[in-house]
Amino acid sequence: MDLDAVRTFVAAADAGQFQEAATDLAITQQAVSKRIAALERNLGVRLFTRTPRGSELTIDGQAFLPHARELLRVAERAVTSVRAGRRPLRVDVIASRVAPSGLMRGFHRTHPEIDLDVVMLFDIETAVAAIRSGEIDASFRAVAAPGRPLPEDIRSVRVLDEPLQLLTGPAHALAGARSVTVAELAGHRIWMPGIVPGTEWGAYYDELVARFGLTIEATGPNFGSDALLDTVADTPALATFMGEHTRLVWPAGHGLRRIPVTDPTPVYPHSLLWHRDNAHPALATLRAHLAAADPGRDAAGTWVPSWAVPPEGAPGHRRPPNSQSWTSTSA
């Protein structure tokens, strides 16, 4: 159905005269007559009758008028939903308790006027597909796994290097330490049932194991964070890794310890991904907010996997201070 014709019909019904409707719509009276005639042919009914004082709605015109108004309201909502700056900014944060969720909460506190839709997608392939299709505007990820570069139309920038911490129960051999070195973790069982082969976080821990000779076990089903915390609290031989900014709550009786890892500190490199052609104004505001909150990435004494950093000369490349390679910044 021609929405211009419907809009003209409503204007003529409100004005009571075709000439006045033409003036309101900034078109000629002849154009008004043609549009309404076309609409009447499309509907198969007469909508107006001519009177000495102008035009009056027929019974069919009166029946059609409220539906015509609703058609125009729906059309306006449809346009508004995709108009730049009018629809919410849609961002993938992976999970509710992890660092990207905290970054978006901080953004919302700073910019409460910006409408947000926060979603949680599982892996990077799903997130990239959603960015390319326009389903979401941005996603927080670890850039890519080895051998799987991002598509050319996807842009990324590092926004947070999140230090890993060791989480132990009260009876673990390292429970009393104020910090532990990576070397001291050798020989200890680190249980992480949430690691999924083929994901970017799976690739991260694969390289961490290969680089430092750690023992990370992903055996058993993943029953979620509560079951993981219960098991670590009750099993002196097990510990797990978690991000410094991960928000978890456990019963006081668990006696769990969060212990910083040092020399070097493994950090998880969170990046923001978006499509190069995305013109949503709030996306630019989000990127500026994250850049202003930059705590200083690639700091001396930290480690990130080699694949998490763009090669020399690529967009987003930044050489770590006091380092000789991208693999470790602990030189």
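Residues numbered from 1 in each chain as written. Predicted model: local features only at pLDDT ≥ 70, side-chain atom pairs only at ≥ 80, totals over all residues. Heavy atoms only, no water.

S.K.: Please explain the environment of Asp-206 as it appears in this structure.
M.R.: Here Asp-206 shows up in helix 7 (residues 200-212). When the C-alpha atoms of Asp-206 and Ile-216 are compared, they prove to be 8.8 Å apart, with 10 residues separating the residues in sequence. (Helix = DSSP H or I, 4+ residues; strand = E, 2+ residues; numbered from the N terminus.)

S.K.: Is there a simple way to think about the packing of aromatic side chains in this case?
M.R.: Each pair of aromatic rings is reported with the distance of its centres and the angle of its planes. What the rule picks out here adds up to 9 aromatic pairs. On the basis of an interplanar angle of 15° and a centroid distance of 6.3 Å, the ring pair of Tyr-205 and Phe-241 is categorised as stacked. Taken as a pair, Tyr-205 in helix 7 and Phe-241 in strand 10 (residues 238-243) lie far apart in primary sequence, 36 residues in all. The burial state of Tyr-205 is the same as that of Phe-241; both residues are buried. Three or more aromatic residues joined by ring pairs form one cluster here, namely Tyr-204, Tyr-205, Phe-212, Phe-241, Tyr-268 and Trp-303. In this structure, Arg-50 is placed above the aromatic ring of Phe-18, and the distance from its NZ or CZ to the ring centre is 4.5 Å. (Phe/Tyr/Trp six-rings, centres within 6.5 Å; stacked < 30°, edge-to-face > 60°. Buried < 20%, exposed > 50% of the residue type's maximum accessible area, 1.4 Å probe, protein only. Lys NZ or Arg CZ within 6 Å of the ring centre and 35° of its normal.)

S.K.: Got a minute to help me understand the packing of helix 1 (residues 3-15) against helix 3 (residues 29-43) in this structure?
M.R.: In a pair of packed helices, the angle between the axes and the distance between the axes together describe the arrangement. Packing of helix 1 against helix 3 brings their axes to within 9 Å, and their N-to-C directions diverge by 110°. Put simply, helix 1 runs roughly perpendicular to helix 3. In this structure, the crossing between helix 1 and helix 3 has a hand that is left-handed. Residues Asp-4, Ala-5, Val-6, Thr-8, Phe-9 and Ala-12 of helix 1 pack against Val-32, Arg-35, Ile-36 and Leu-39 of helix 3. Along the lines of polarity and charge, the residues of the contact of helix 1 with helix 3 split into 7 nonpolar, 1 polar and 2 charged. (Axes fitted to C-alpha atoms, helices over the stretch in contact; angles between N-to-C directions. Parallel < 35°, antiparallel > 145°, perpendicular 65-115°, else oblique. Left-handed = near helix turned anticlockwise from the far one by under 90°. Contact = heavy atoms within 4.5 Å. Nonpolar A, V, L, I, M, F, W, Y, C, P; charged D, E, K, R; others polar.)

S.K.: Would you explain the packing of helix 1 against helix 2 (residues 18-25) in this entry?
M.R.: Where helix 1 contacts helix 2, the two axes come as close as 8 Å, and the packing angle between them is 125°. Between helix 1 and helix 2, the angle falls in the class oblique. With respect to the hand of their crossing, helix 1 and helix 2 are arranged in right-handed fashion. Residues Thr-8, Ala-11, Ala-12 and Ala-15 of helix 1 pack against Phe-18, Glu-20, Ala-21, Asp-24 and Leu-25 of helix 2.

S.K.: Looking at this model, I keep getting lost on the pattern of salt bridges. Mind explaining?
M.R.: Once their charged atoms are close, side chains differing in charge can pair, the charge on each being opposite to the other. Evaluated as defined, the whole model comprises 10 salt bridges. Arg-158 is the partner of Asp-161 in a salt bridge, and the nearest nitrogen-oxygen pair spans 2.8 Å. A single network of salt bridges, built from pairs that share partners, joins Asp-92, Arg-141 and Glu-200. (Salt bridge = Lys/Arg side-chain N within 4 Å of Asp/Glu carboxyl O.)

S.K.: Looking at this structure, how should I read the pairing of strand 12 (residues 265-275)?
M.R.: Regular strands place their side chains on alternate faces of the sheet. Strand 12 sits mainly inside the fold: 11 of its 11 residues count as buried. The alternating pattern of strand 12 places Thr-265, Val-267, Pro-269, Ser-271, Leu-273 and His-275 on one face and Pro-266, Tyr-268, His-270, Leu-272 and Trp-274 on the opposite face, and all of these are buried. One ladder, built from 4 bridges, connects strand 5 (residues 138-141) with strand 12; its direction is antiparallel. When the bridges of strand 12 are listed, Ser-139 appears paired with Leu-273. Pairing of strand 6 (residues 154-168) with strand 12 involves 9 bridges; the strand directions are antiparallel. Bridging from a neighbouring strand, Ser-156 pairs with Leu-273 of strand 12. Note that strand 12 and strand 13 (residues 302-303) share 2 bridges and pair parallel. Within strand 13, the position partnered with Thr-265 by the bridge is Thr-302. (Pairing = 2+ DSSP bridges.)

S.K.: Would you mind showing me how to read helix 1 here?
M.R.: Turn by turn, an α-helix covers 3.6 residues, leaving residues three or four places apart pointing in a common direction. For helix 1, which comprises 13 residues, the first-to-last C-alpha distance of 18 Å matches the rise-based estimate of 18 Å (1.5 Å per residue) to within 8%. Ala-5, Val-6, Thr-8, Phe-9, Val-10, Ala-11 and Ala-12 are the residues of helix 1 that are buried. Two to three positions downstream of the cap, the backbone nitrogen of Asp-4 sits 2.9 Å from a side-chain oxygen, assigning the N-cap of helix 1 to Asp-2. Immediately downstream of helix 1, the backbone of Gly-16 shows phi near 80°, a positive value. (Expected span 1.5 Å × (residues − 1). Polar contact = N/O pair within 3.5 Å; in protein donor to acceptor, adjacent residues only side chain to side chain.)

S.K.: How should a positive patch on the surface be read in this particular structure?
M.R.: A contiguous patch of positive charge, built from Arg-97, Arg-105, Arg-109 and Arg-247, is present on the exposed surface. Relative to the elements of secondary structure, Arg-105 occurs in helix 5 (residues 99-110). Exposure remark for Arg-105: the relative accessible area of 30% places this residue in the partly exposed category. (Patch = residues over 30% accessible without salt bridge, like charges linked within 9 Å, V, L, I, M, F, W, Y side chains within 5 Å. Areas by Shrake-Rupley, 256 points an atom, 1.4 Å probe, with all protein chains shown as cover. Lys, Arg positive; Asp, Glu negative; His and termini not counted. Charge placed at Lys NZ, Arg CZ, Asp CG, Glu CD.)

S.K.: Please clarify how the nonpolar core should be interpreted in this entry.
M.R.: The nonpolar side chains of soluble globular proteins are, as a tendency, buried together. Core analysis: the largest hydrophobic core is formed by 25 residues, its most contacted members being Leu-166, Leu-185, Tyr-204, Tyr-205, Leu-208 and Phe-241. Those elements that provide at least two residues to this core are strand 6, helix 7, strand 10 and strand 11 (257-262). Per element, the largest residue contribution to this core is 6 residues, and it comes from helix 7. (Core = buried A, V, L, I, M, F, W, Y, C linked by side-chain atoms within 4.5 Å.)

S.K.: Please clarify how unusual backbone geometry should be interpreted in this entry.
M.R.: Negative phi values dominate among residues other than glycine, just as trans dominates among peptide bonds. Here the residue pair Asp-263 and Pro-264 is connected by a cis peptide bond, since its omega of -10° sits within 30 degrees of zero. Assignment of secondary structure puts Pro-264 in the loop between strand 11 and strand 12. In the Ramachandran plot, Ile-94 falls in the positive-phi region, its phi being about 75° despite a non-glycine side chain. You can see Ile-94 is positioned in the loop between strand 3 (89-92) and helix 5. Even without glycine at this site, Asp-263 takes up a positive phi of about 55°. On the secondary structure map, Asp-263 appears in the loop between strand 11 and strand 12. Judged by its relative accessible area of 60%, Asp-263 is exposed.

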